[in-house]
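Secondary and tertiary structure notes
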Amino acid sequence: QVQLVESGGDLVQPGRSLKLSCELSGSYFKIYGMGWYRQGLGKQRELVATITDGHFTNYADSVKGRFTISRDIAKNTVYLQMNSLEPTDTAVYYCNAETAPAPYSIPRTSWGQGTQVTVQS
């Protein structure tokens, strides 16, 4: 079983930067990819950015050019560098991982508990 723990959420002013971290621990055979999703108040959870095992990245249009996802394989940690934050970025940010518990097994999706990011003056 895999556990994900996010950190780094905070209250910041518009235009400022914030870096989120998510550490993966537990038992797994392979990590296919990790990512960040967010859910604003009263909204559906949406994709923010993902990074594959081969370090290919994908971003939501709303964050392209402002957010950067990266991964430290040695630390089993994925990061989300968020620059030029806007009030519309306010949400709970969740870390996600697709892992295989054993060779040739069906991938499993795991979620962290979320970290709050609030952008306001």
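Below or above, wherever it landed, is the structure these notes cover. Predicted, not measured: the structure shown is a model, and the values here were computed from it.

Before going further, it helps to spend a moment on the nonpolar core. Ranked by internal contacts, the top residues of the largest apolar core, which has 28 residues, are Met34, Trp36, Leu80, Met82 and Tyr93. Of all the secondary-structure elements, those providing two or more residues to this core are β1 (2-7), β3 (18-26), β4 (30-39), β5 (46-52), β7 (67-72), β8 (77-82), β9 (91-100) and β11 (115-119). With residues up to four places along the chain from it excluded, the contact list for Tyr93 reads Glu6, Leu20, Trp36, Tyr37, Arg38, Val48, Phe67, Leu80, Met82, Gly114, Thr115 and Val117.

The next subject is the state of the cysteines. According to the stated counting rule, one finds one disulfide in the structure shown. One disulfide in the model links Cys22 with Cys95; its S-S distance is 2.1 Å. Around the S-S axis, the bridge from Cys22 to Cys95 shows a dihedral of about -85 degrees and counts as left-handed. Here Cys95 lies in strand β9 and Cys22 lies in strand β3, a separation of 73 residues in the sequence. On the basis of relative accessibility, which here comes to 0%, the residue Cys22 falls in the buried class.

In this section: the pairing of β4. The buried fraction of β4 amounts to seven of the 10 residues, a majority that puts the element mostly inside the structure. By the bridge criterion, nine bridges tie β4 to β9 in an arrangement that is antiparallel. Residue Met34 lies in a different strand from β9, and its bridge partner there is Ala97. Where β4 lies against β5, six bridges are found, and the strand directions are antiparallel. Along β5, the bridge assignment pairs Met34 with Ile51. Counting the residues between successive antiparallel strands, the hairpin from β4 to β5 contains six residues, one of them, Gly42, with a positive phi of roughly 75 degrees.

Turning our eyes to something else, we now look at the pattern of salt bridges. Applying the stated criterion across every chain, the model contains seven salt bridges. Notably, a salt bridge pairs Glu46 with Arg38, separated by 2.7 Å at the nearest N-O pair. For the salt bridge of Asp89 with Arg66, the shortest nitrogen-to-oxygen distance reads 2.8 Å. Within this pair, whereas Asp89 is found in the loop between β8 and β9, its partner Arg66 is found in the loop between β6 (57-59) and β7, the two being separated by 23 residues in sequence. Asp89 gets classed as buried once you look at its relative accessible area, which sits at 0%. Members of the salt-bridge network, linked through shared partners, are Arg38, Glu46, Arg66, Glu86 and Asp89.

Next up on the list: unusual backbone geometry. Phi is mostly negative for residues that are not glycine, and the peptide bonds are mostly trans. In this structure, Asn76 is a non-glycine residue whose phi angle is positive, near 50 degrees. Within the fold, Asn76 resides in the loop between β7 and β8. Here the phi dihedral of Ser84 falls at roughly 50 degrees; this positive angle occurs in a residue that is not glycine. Structurally, Ser84 is set in the loop between β8 and β9.

Attention now goes to the sheet that holds β8. Spatially, β1-β3-β8-β7 is the arrangement adopted by the four strands of the open sheet, whose pairing is antiparallel. The open sheet has two edge strands with one neighbour each: β1 and β7. Neighbour to neighbour, the strand axes of the sheet diverge by 15 degrees on average, direction disregarded. Taken together, the six bridges between β1 and β3 define a ladder with antiparallel strand orientation. Pairing of Ser7 across the sheet is with Ser21, part of β3.

Parameters and conventions
- Residues numbered from 1 in each chain as written.
- Predicted model: local features only at pLDDT ≥ 70, side-chain atom pairs only at ≥ 80, totals over all residues.
- Heavy atoms only, no water.
- Core = buried A, V, L, I, M, F, W, Y, C linked by side-chain atoms within 4.5 Å.
- Buried < 20%, exposed > 50% of the residue type's maximum accessible area, 1.4 Å probe, protein only.
- Helix = DSSP H or I, 4+ residues; strand = E, 2+ residues; numbered from the N terminus.
- Contact = heavy atoms within 4.5 Å.
- Disulfide = S-S within 2.5 Å.
- Pairing = 2+ DSSP bridges.
- Salt bridge = Lys/Arg side-chain N within 4 Å of Asp/Glu carboxyl O.
- Axes fitted to C-alpha atoms, helices over the stretch in contact; angles between N-to-C directions.

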